Amino acid sequence: MEVESFTDINGNALSLDCQSHSGFCKEFIVSSPKVSIGKVMAYTCCVWLVAYTVFFFTENTAALSSAIIITLVGMVLHIHFVKVDHESLLVIGSLGIQMSSSYASGRETTSFIEMSKIKDIVINEAIHMHQIIYYLCVLLKDPNEPNTVSSVVPLFQSSKPRLNCLVKVYKSCQEILLKHK
């Protein structure tokens, strides 16, 4: 088990935990920092300051009530649907690939791709606004024509690690895929 520090495309800290369960099974866990209490407090204070300012001039308590409700609902939605604590990729040479995302609220999403449907795992690039972004993806075989690609499944969509992290995961995945073929 080795844990290395990397950054995402925005420069935020990430950690990559590589666990080798056997020669044909490896797990990669990309973790991002936990929710910062300081940032939560700053956003809450800003929203409530605006609400108190509106209340001061209008003397309408609906501004205060709505600010509290908006803040609480916004935090719950962010923690449950947006903030991903860690993403994992489990590559099992004879079975397939399992992708999991764990959210700050404890919610988890998992999907599995059978090895017979996988053509390859590659590092792809995309142009977003004014920068080039690299991402790891699984190429799926077309059921009608096995030599063509039917679709592309991106990995680590929430954490968005930089190229140096993706290369490490890519090389390990290729080792397993080559042993399987």
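Not measured: the values here are computed from a predicted model. (Residues numbered from 1 in each chain as written. Predicted model: local features only at pLDDT ≥ 70, side-chain atom pairs only at ≥ 80, totals over all residues. Heavy atoms only, no water.)

1. Details of the pattern of salt bridges
Next up, step 1: Taken as a whole, this structure holds two salt bridges when the rule is applied.
Next up, step 2: In this structure, glutamate 4 and lysine 168 form a salt bridge, with 3.0 Å as the shortest nitrogen-oxygen distance. Here glutamate 4 is found in strand 1 (residues 2-7), whereas its partner lysine 168 is found in helix 3 (residues 163-180), with 164 residues between them in sequence.
Next up, step 3: Overall, glutamate 4 belongs to the partly exposed group, its relative accessible area being 27%.
Next up, step 4: Measuring nitrogen to oxygen at the nearest pair gives 3.4 Å for the salt bridge that ties lysine 26 to glutamate 175. Separated by 149 residues along the polypeptide, lysine 26 in strand 3 (residues 25-31) and glutamate 175 in helix 3 bring together distant segments of the chain.
Next up, step 5: A relative accessible area of 17% means that lysine 26 is categorised as buried. (Salt bridge = Lys/Arg side-chain N within 4 Å of Asp/Glu carboxyl O. Helix = DSSP H or I, 4+ residues; strand = E, 2+ residues; numbered from the N terminus. Buried < 20%, exposed > 50% of the residue type's maximum accessible area, 1.4 Å probe, protein only.)

2. Here we look at the packing of aromatic side chains
Next up, step 1: On inspection of all chains with the given rule, the structure shows one aromatic pair.
Next up, step 2: When the ring of phenylalanine 56 is compared with that of phenylalanine 57, the centres are 5.4 Å apart and the planes differ by 80°; the resulting orientation is edge-to-face.
Next up, step 3: Note on phenylalanine 56: relative accessible area 62%, which makes it exposed.
Next up, step 4: A residue is classified by how much of its surface remains accessible, and phenylalanine 57, at 66% relative accessible area, is exposed.
Next up, step 5: Looking at arginine 107, its charged tip hangs above the ring of tyrosine 103, at a distance of 4.0 Å from the centre.
Next up, step 6: For the cation-ring pair, lysine 179 lies above phenylalanine 24, with the distance from its terminal atom to the ring centre recorded as 5.9 Å. (Phe/Tyr/Trp six-rings, centres within 6.5 Å; stacked < 30°, edge-to-face > 60°. Lys NZ or Arg CZ within 6 Å of the ring centre and 35° of its normal.)

3. Observations concerning a nonpolar patch on the surface
Next up, step 1: Together, Val47, Trp48, Tyr52, Ile68 and Leu72 make up a nonpolar patch on the protein surface, roughly 450 Å² of accessible area in all.
Next up, step 2: Listing elements by their share of the nonpolar patch, those giving two or more residues are helix 1 (37-58) and helix 2 (61-82).
Next up, step 3: Here the nonpolar patch gets three residues from one element, more than from any other, and that element is helix 1.
Next up, step 4: Structurally, isoleucine 68 can be placed in helix 2. (Patch = residues over 30% accessible without salt bridge, like charges linked within 9 Å, V, L, I, M, F, W, Y side chains within 5 Å. Areas by Shrake-Rupley, 256 points an atom, 1.4 Å probe, with all protein chains shown as cover.)

4. Things to note about the sheet that holds strand 9 (residues 149-154)
Next up, step 1: Here three strands make up an open sheet; going across it, the order is 7-8-9 and the pairing antiparallel. Looking along the sheet, the strands with just one partner apiece sit at the ends: strand 7 (118-128) and strand 9. Each neighbouring strand pair of the sheet contributes to a mean axis angle of 40°, computed without reference to strand direction.
Next up, step 2: Of the strand pairs in this sheet, strand 7 and strand 8 (residues 131-141) are connected by 10 bridges, and their pairing is antiparallel. The residue bridging valine 122 from the neighbouring strand is cysteine 137, located in strand 8. (Pairing = 2+ DSSP bridges. Axes fitted to C-alpha atoms, helices over the stretch in contact; angles between N-to-C directions.)

5. Some details on the nonpolar core
Soluble globular proteins tend to pack their nonpolar side chains together in the buried interior.
Next up, step 1: Among the nonpolar cores identified, the biggest contains 25 residues, and Phe28, Leu89 and Phe156 are the most heavily contacted of them.
Next up, step 2: Among the elements that make up this core, the one with the highest residue count is helix 3 (six residues).
Next up, step 3: The residues contacting phenylalanine 156, other than those within four sequence positions of it, are Phe28, Val30, Glu87, Leu89, Leu136, Pro161, Leu166 and Val169. (Core = buried A, V, L, I, M, F, W, Y, C linked by side-chain atoms within 4.5 Å. Contact = heavy atoms within 4.5 Å.)

6. A few points about unusual backbone geometry
Next up, step 1: With a phi close to 55°, phenylalanine 156 is a non-glycine residue in the positive phi region.
Next up, step 2: For phenylalanine 156, the position within the fold is in the loop between strand 9 and helix 3.
Next up, step 3: For phenylalanine 156, a relative accessible area of 7% translates into the label buried.

7. Regarding the pairing of strand 5 (residues 96-103)
Each regular strand displays side chains that alternate between the two surfaces of the sheet.
Next up, step 1: Buried residues dominate strand 5, accounting for seven of its eight residues.
Next up, step 2: The pairing of strand 4 (residues 84-92) with strand 5 spans eight bridges and is classified as antiparallel. Residue pairing in the sheet places serine 88 in a bridge with serine 100 of strand 5.
Next up, step 3: Here strand 4 folds back onto strand 5 in antiparallel fashion, the turn holding three residues.
Next up, step 4: Examined bridge by bridge, strand 5 and strand 6 (residues 108-114) share seven bridges and lie antiparallel to one another. Bridging across to strand 6, glycine 96 finds its partner in glutamate 114.
Next up, step 5: A loop of four residues connects strand 5 with strand 6, the two strands running antiparallel in sequence, and glycine 106 in this loop sits at a positive phi of about 105°.

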